[in-house]
Amino acid sequence: MSIHRSRIGRRSAAATLVTVLASAGLTLLAPTAAQASSPCTSLTFYRVGGYPGGADMHVPTVGWQTGNKQCYLTYGHSGSAVLVLQEALNNCYARSLSLDGNYGPKTRDAVRYAQHKINEDIVYANIAEDGEYGPQTRAYMGFAIFGVNGGPVIPNVCYYPG
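Below is a summary of the structure that appears in this document. (Residues numbered from 1 in each chain as written. Predicted model: local features only at pLDDT ≥ 70, side-chain atom pairs only at ≥ 80, totals over all residues. Heavy atoms only, no water.)

### A look at the overall build of the protein chain
The helix and strand inventory of the protein chain stands at four helices and six strands. Element order for the protein chain, N to C, with α for helix and β for strand: α-β-β-β-β-α-α-α-β-β. Residues counted as buried form 40% of the 162 residues belonging to the protein chain. Relative to all contacts within the protein chain whose residues are 6 or more apart in sequence, the contacts with residues 24 or more apart total 46%. As presented, the protein chain carries roughly 9,200 Å² of accessible surface, and 56% of it is formed by carbon and sulfur atoms. (Helix = DSSP H or I, 4+ residues; strand = E, 2+ residues; numbered from the N terminus. Buried < 20%, exposed > 50% of the residue type's maximum accessible area, 1.4 Å probe, protein only. Contact = heavy atoms within 4.5 Å. Areas by Shrake-Rupley, 256 points an atom, 1.4 Å probe, with all protein chains shown as cover.)

Here it is as structure tokens:
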């Protein structure tokens, strides 16, 4: 029987291809920050359940309340989207950033730390530890939860929007 007709042969070939791609540092589905189409410019509030009176998760997005999470943030960006990222890094990854809305070296290092923790905790995440916030990082990153209508952050409680 030809290897191409054998179920075992196809599985072996697929496993070999995945191994070769992984060893070359290539991924099939996870875009990097540079591959996201637009920078994050604002945020969207997502209602999360299970809290008396309700709670909101804040996530960086393209535009105010658009729900378009397909964006990126890198060194040099500033604004409310960066502030939301900094709040998440402080609350969900025990960083102590100044909430200044500026993506400087400390924010970049905090994102690297979060990416490293994600890779440690979720073995299949395999996200780049490049200090850039993009689709790979957003897919696994936790975000801070706030009381509704601008209430304060709920300490050490995070939500993972995917």
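### Comments concerning the environment of Tyr93
Checked against the element boundaries, Tyr93 lands in helix α2 (residues 80-93). Here the alpha-carbon distance between Tyr93 and Cys158, two residues 65 residues apart in the chain, equals 9.5 Å. Apart from the residues lying within four places of it in its own chain, the contact partners of Tyr93 are Ala88, Tyr113, Ala114, Lys117, Ile118, Tyr140, Met141, Gly142 and Tyr160. Of note is the side chain of Tyr93, whose polar atom sits 2.9 Å from the backbone nitrogen of Gly142. (Polar contact = N/O pair within 3.5 Å; in protein donor to acceptor, adjacent residues only side chain to side chain.)

### Let's talk about the state of the cysteines
According to the stated counting rule, one finds two disulfides in the structure shown. Cys92 shares a disulfide with Cys158; S-S distance 2.0 Å. Disulfide Cys92-Cys158: the torsion about the S-S bond is -115 degrees, which places it as left-handed. Here the residue Cys92 occupies a position in helix α2, and Cys158 occupies one in strand β6 (residues 153-159), the gap between them amounting to 66 residues. The connectivity of the disulfide-linked cysteines in the protein chain, indexed sequentially, is 1-2, 3-4. (Disulfide = S-S within 2.5 Å.)

### With respect to the pairing of strand β2 (residues 42-48)
Alignment of β2 against strand β3 (residues 55-61), held across seven bridges, turns out to be antiparallel. Of the residues in β3, the one forming a bridge with Val48 is Ala55. Between the antiparallel neighbours β2 and β3 lie six residues, among them Gly50 with a positive phi of about 90 degrees. (Pairing = 2+ DSSP bridges.)

### Notes on the sheet that holds β6
Here we have four strands laid out as an open sheet, ordered β2-β3-β5-β6, and antiparallel in their pairing. Each edge of the sheet is formed by a strand with only one pairing partner; in this case those strands are β2 and β6. Strand-to-strand twist across the sheet, computed as the mean angle between neighbouring axes with direction ignored, equals 40 degrees. (Axes fitted to C-alpha atoms, helices over the stretch in contact; angles between N-to-C directions.)

### Let's talk about the pattern of salt bridges
Taken as a whole and assessed by the stated rule, the structure comprises three salt bridges. Between Arg112 and Asp109 there is a salt bridge, with the nearest N and O atoms lying 3.1 Å from each other. Taken together, the positions of Arg112 and Asp109, both in helix α3 (residues 105-121) and three residues apart, correspond to about one turn of that helix. Among the salt bridges present, the one from Lys117 reaches Glu120, with a minimum N-O distance of 3.4 Å. Pair noted here: Lys117 and Glu120 are both in helix α3, with a separation of three residues, about one helical turn. (Salt bridge = Lys/Arg side-chain N within 4 Å of Asp/Glu carboxyl O.)

### What to know about the side chain of Asp56
Tracing the sequence through the fold places Asp56 in strand β3. The class of Asp56 is buried, set by a relative accessible area of 7%. Separated by 2.8 Å, the side chains of Asp56 and Arg47 make a polar contact.

### What about the nonpolar core?
Of all hydrophobic cores here, the largest spans 27 residues; its most connected members are Leu73, Leu85, Leu89, Tyr133 and Met141. Contributions of two or more residues to this core are made by β3, α2, α3 and β5 (143-147). In terms of residue count, α2 provides more of this core than any other element does, seven residues in total. (Core = buried A, V, L, I, M, F, W, Y, C linked by side-chain atoms within 4.5 Å.)

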